[in-house]
Amino acid sequence: MLKTLVFSCVLSTSLNGVAEELPSIAKSENDKPSFIPPFKMDCVTKPTNIPNLGERFKLVANMDDHSHHDHAKHMKMMESRNYKLNSASYSVPDVELTSHRGEQRRLADVLNSDKPIMLNFIFTTCTTICPVLSASFHQVQEILGEESDSVDMVSITIDPDYDTPEQLMKYSKRFKAGDQWQFFTGSYQDVVSVEKAFDIFRGSKMNHEPITLIRDRNGEQWTRINGLASAEDIVKEYRKITAGSQ
Amino acid sequence: MSNYHKGIATLSIIACTFFYSTASFNDDEVGSQAYVVGKELYSKGILPDGKLVKATIQGDIAVEGDQLICETCHRRSGLGSTEGQQVVPAIAGSVLFKPLRIPTSKPPEPPTYREAYTKETLMRAVRDGIDANGDPLDPFMPRYEIDGQALDGLMAYVNTLSKTPSPGVTEDTIHFATIILSSNNATDNKALLDVMEQYVQQKNIETRYESKRAKNAPWHKAWLFEPYRKWQIHTWELKGEKETWPAQLDAYYTQQPVFALINGLVPTGWESINDFCEGYGIPCLFPTTQLPVIDDNNFYTIYMTRGAVHEAEAVASYIKKNPASGEVVQFFDNTDQQSAVAAKSLRIELQKSGIKVMDVAVDKHLDTAGLSSGLDAKQTVVLWLDKHASDELLSSAAMSQAAPKVVLSTQFYGTDSLHIPREIEKSLVFVHSSEMPDHLNRLLLRSTGWFKSKRIYNSATREIQANAYFALKVAGDATKHIRGYFFRDYFIEKIEHMIDDLPYTSIYPRIGMAPDQRFVSRGYYLAKVDGKGGIRNITEWITP
């Protein structure tokens, strides 16, 4: 009886056009879950002549009005991070890989030059993730400009059976790789051991994830970016990492 | 003109303009101007003005036309793909221009109803990355800089994608075919056909109730049952010269169109069948052949290996890693297509590294003494000859005296090493492009067990049977995965993704595939005479 009274009071307040205020029925904390799911109040509510709570719920749930949406979602998208960041150290297996120029190099030597390193794992017949990762490396190259000589970029294939040095060379040209960016392949066992060492191995190459790794020169810890980072994001993380040793 | 006629004229002009203005949306005839524009953009990233389209991802990653072509992610069928956690949605016209119910991934939120795309909302999607409901598209989708003309083309093109189901599928049956040659060994043909027959029989028995359910599926299980079809595999026997095969294939196909070709035994001559597969757009899965057609433009034929060309590549790789101080000499038979192709490929491969090859063309009348007289220990000798001819050459006195390095391919020589003379055993190496003979039985345990239970196993033809079985399994899995979307392009795309983690084996220790790859086995072993009449590997499975 009391509840019905409260309800009708709340209803009448909303009918007076004080629409910004959430009805207390939805707000109370010691709630068992009510039939009304949490309202999403971002810029949808505005004064209207909504006869009852049900109609209002429908409005919120359907979000017919797109004009507010575009803006809100747009801003949200541009500000939100689409990637996860964490840091780890990896032990590099003692293997020899072949570069896209046909040079045999010990992986440990490649990763322990006196420059910071950006590392990712690709394969040349990948359709979705790798082109984006490689395009982002290219863009980073553009952003750094002259400074790209001071960083090593390494892309290791996860399909060594198909990706010969020639294939990698073709791929490197497609993404306009500069001299500081090397691509590596090797024997199947060696490549799998490298993938496992960097926690990249996911069984079939089709299951691979978009991962970019950055490490300062002679550093221990790698920063691991999992997801789609813009080139600016990568450069930002890179600067953070190398700030200490400039 | 009288007023009446003027009226009719105006009306008809208005009517024409009206219909013409909507024509760009309905202008989905293959070959129309808009279609051509759309196809260039979708499959090559080229705008109507001939330049590569530009795009950006995530705000600042600039991408050019050939780096992220629509087709690479959304695929030829327009039905999308997945890679890891990334899902690329379908954009075929039948999906794009109708509302779509997208199940929710975050209950208790309701499913989303994505509105049908219109010209305006599609432009907004491609250029700004906003979907039909006003939500942002996945960040992996680039934002392309296109104009109205390009968009019209794109719409016309995607409207034709996966529009009508491929031929070869009726209401209750899916038709396949396999090719055998009348010039093959009868036992070989029988071995292959036995496997096909038993497979189809068992499959149809096991799904007989599903076929009934397909006709009367409850509404909530329609998606599961309706795709069921009975299987039928037709035997297409090709007779006579390979030049006559295209006509025979056309005749078979006209009589009963098939959805795809499964396996088949065509040791040589596949080039006469290749145009059939690519021309009709029929998936041709894993034919057993030594002379595949190697062409980057081919889409519909998937092979196990590159055959004779692969042998040459493997030998070339070995020679490059173990360069001889003397020259490379190769013996081949010009009248045998496989031999000639292998020799040519080796020449080309070694030329890339600046290594010259001396060709010795051998004919049926083998003059072993003459041929082997010029050999010395510093050379590397490659034999692209059958066992008989090779043995004759190898056992000649001159050969034993000179004892050069010898490279043989088991594809030509076989794996029986009993006749290899002692003196050259040490410097002789084999290239073997499938699992080692003594491990093969173990690798094929599962299929062999099944063949034996069906009483069709023939150990002399175990490789032929294993290949047939493998192709059938892949075809079966892929048919299941396409779930009633009987589009050949989609079928191939599924196979591209499946091969990397199959639960069944082939005669190759490791296979792999990805979009645009068409040869699933790339590896080989290096092997030596094992002293017991066979060969043993001295390396693991390596790739050239």
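Residues numbered from 1 in each chain as written. Chains lettered and ligands numbered in written order. Predicted model: local features only at pLDDT ≥ 70, side-chain atom pairs only at ≥ 80, totals over all residues. Heavy atoms only, no water.

## Some details on the sheet that holds strand 6 (residues 181-185) of chain A
All names here are of chain A.
Consideration 1: An order of 1-8-7-4-5-6-2-3 is seen for the 8 strands of this open sheet, with the pairing classed as mixed. Edge strands, defined here as strands with exactly one partner in the open sheet, are strand 1 (83-88) and strand 3 (104-106). For this sheet, the mean angle separating the axes of adjacent strands, direction not counted, is 30°.
Consideration 2: Of the strand pairs in this sheet, strand 2 (residues 96-99) and strand 6 are connected by 2 bridges, and their pairing is antiparallel. Residue pairing for strand 6: Ser-99 is matched across the bridge by Phe-184.
Consideration 3: Packed on one face of the sheet, helix 9 (residues 231-242) meets strand 1, strand 4 (117-122), strand 7 (211-215) and strand 8 (222-227) and runs near 25° to strand 7. (Pairing = 2+ DSSP bridges. Helix = DSSP H or I, 4+ residues; strand = E, 2+ residues; numbered from the N terminus. Axes fitted to C-alpha atoms, helices over the stretch in contact; angles between N-to-C directions. Contact = heavy atoms within 4.5 Å.)

## So, helix 22 (residues 462-482) of chain B
Each turn of an α-helix holds 3.6 residues, which means side chains three or four residues apart point in the same direction.
All names here are of chain B.
Consideration 1: A rise of 1.5 Å per residue sets the reference length of helix 22, with its 21 residues, at 30 Å; its end C-alpha atoms lie 30 Å apart and thus fit the reference within 8%.
Consideration 2: For helix 22, the buried fraction is high: 17 of the 21 residues fall into the buried class.
Consideration 3: Backbone geometry just after helix 22 places Arg-483 at a positive phi near 45°. (Expected span 1.5 Å × (residues − 1). Buried < 20%, exposed > 50% of the residue type's maximum accessible area, 1.4 Å probe, protein only.)

## Structural notes on the packing of helix 6 (residues 129-144) of chain A against helix 9 of chain A
Residues and elements named next belong to chain A.
Consideration 1: Remark: helix 6 packs on helix 9, axes separated minimally by 9 Å, with the N-to-C direction vectors making an angle of 65°. In this structure, helix 6 meets helix 9 at a crossing whose hand is right-handed. The segment helix 6 lies against helix 9, with Ser-136, Gln-139, Val-140, Ile-143 and Leu-144 engaging Ala-231, Glu-232, Ile-234, Val-235, Tyr-238 and Arg-239.
Consideration 2: The residue inventory of the contact of helix 6 with helix 9, partitioned by class, reads 7 nonpolar, 2 polar and 2 charged. (Left-handed = near helix turned anticlockwise from the far one by under 90°. Nonpolar A, V, L, I, M, F, W, Y, C, P; charged D, E, K, R; others polar.)

## With respect to the interface of chain A and chain B
Consideration 1: Across the contact, 41 residues belong to chain A and 42 residues belong to chain B.
Consideration 2: Of the roughly 3800 Å² buried at the junction of chain A and chain B (both faces included), carbon and sulfur atoms supply 55%.
Consideration 3: Contact with chain B buries area across many residues of chain A, yet Thr-127, Asp-161 and Met-206 of chain A alone supply 19% of it, more than any other trio.
Consideration 4: Summed over the shared surface of chain A and chain B, the number is 2 salt bridges.
Consideration 5: The residue Lys-205 of chain A makes a salt bridge to Asp-500 of chain B at a minimum N-O spacing of 3.0 Å.
Consideration 6: Inspection of the chain A/chain B interface yields 12 residue pairs in polar contact (both at pLDDT 80 or more).
Consideration 7: Every element with two or more residues in the side of chain A that touches chain B is listed here: helix 4 (66-79), helix 6, helix 8 (188-197) and helix 9 of chain A.
Consideration 8: Per-element accounting of the side of chain A that touches chain B gives the leading share, 8 residues, to helix 6 of chain A.
Consideration 9: In terms of residue class, the side of chain A that touches chain B is made up of 18 nonpolar, 14 polar and 9 charged. (Buried area = accessible area lost by both parts, 1.4 Å probe. Salt bridge = Lys/Arg side-chain N within 4 Å of Asp/Glu carboxyl O. Polar contact = N/O pair within 3.5 Å; in protein donor to acceptor, adjacent residues only side chain to side chain.)

## Description of the environment of Met-206 of chain A
Consideration 1: Within the secondary structure layout, Met-206 of chain A lies in the loop between helix 8 and strand 7.
Consideration 2: In this structure the C-alpha to C-alpha distance between Met-206 of chain A and Glu-232 of chain A, which are 26 residues apart in sequence, comes to 27 Å.

## Here we look at the packing of aromatic side chains
Consideration 1: What the rule picks out here adds up to 32 aromatic pairs over all chains.
Consideration 2: Of the aromatic side chains, those joined through ring pairs into one cluster are Phe-176, Tyr-199, Trp-231, Phe-259, Phe-486 and Phe-491 of chain B.
Consideration 3: Sitting over the face of the ring of Phe-123 of chain A, Lys-205 of chain A holds its NZ or CZ atom 5.9 Å from the ring centroid.
Consideration 4: Lying across the ring of Phe-519 of chain B, Arg-306 of chain B places its NZ or CZ 5.3 Å from the centre. (Phe/Tyr/Trp six-rings, centres within 6.5 Å; stacked < 30°, edge-to-face > 60°. Lys NZ or Arg CZ within 6 Å of the ring centre and 35° of its normal.)

## Some thoughts on the confidence of the model for chain B
Residue and element names in this part refer to chain B.
Consideration 1: For chain B, the mean per-residue pLDDT works out to 89, and 95% of the residues sit at or above 70.
Consideration 2: Of all secondary-structure elements in chain B, the lowest mean pLDDT belongs to helix 2 (residues 23-26), at 42, while strand 10 (residues 260-262) reaches the highest, 97.
Consideration 3: Scored below 50 in pLDDT, residues 19-27 makes 7 contacts in the model with residues more than four places away or belonging to other chains.
Consideration 4: Confidence metrics for the complex model read pTM 0.83 and ipTM 0.85. (pLDDT = per-residue confidence, 0-100.)

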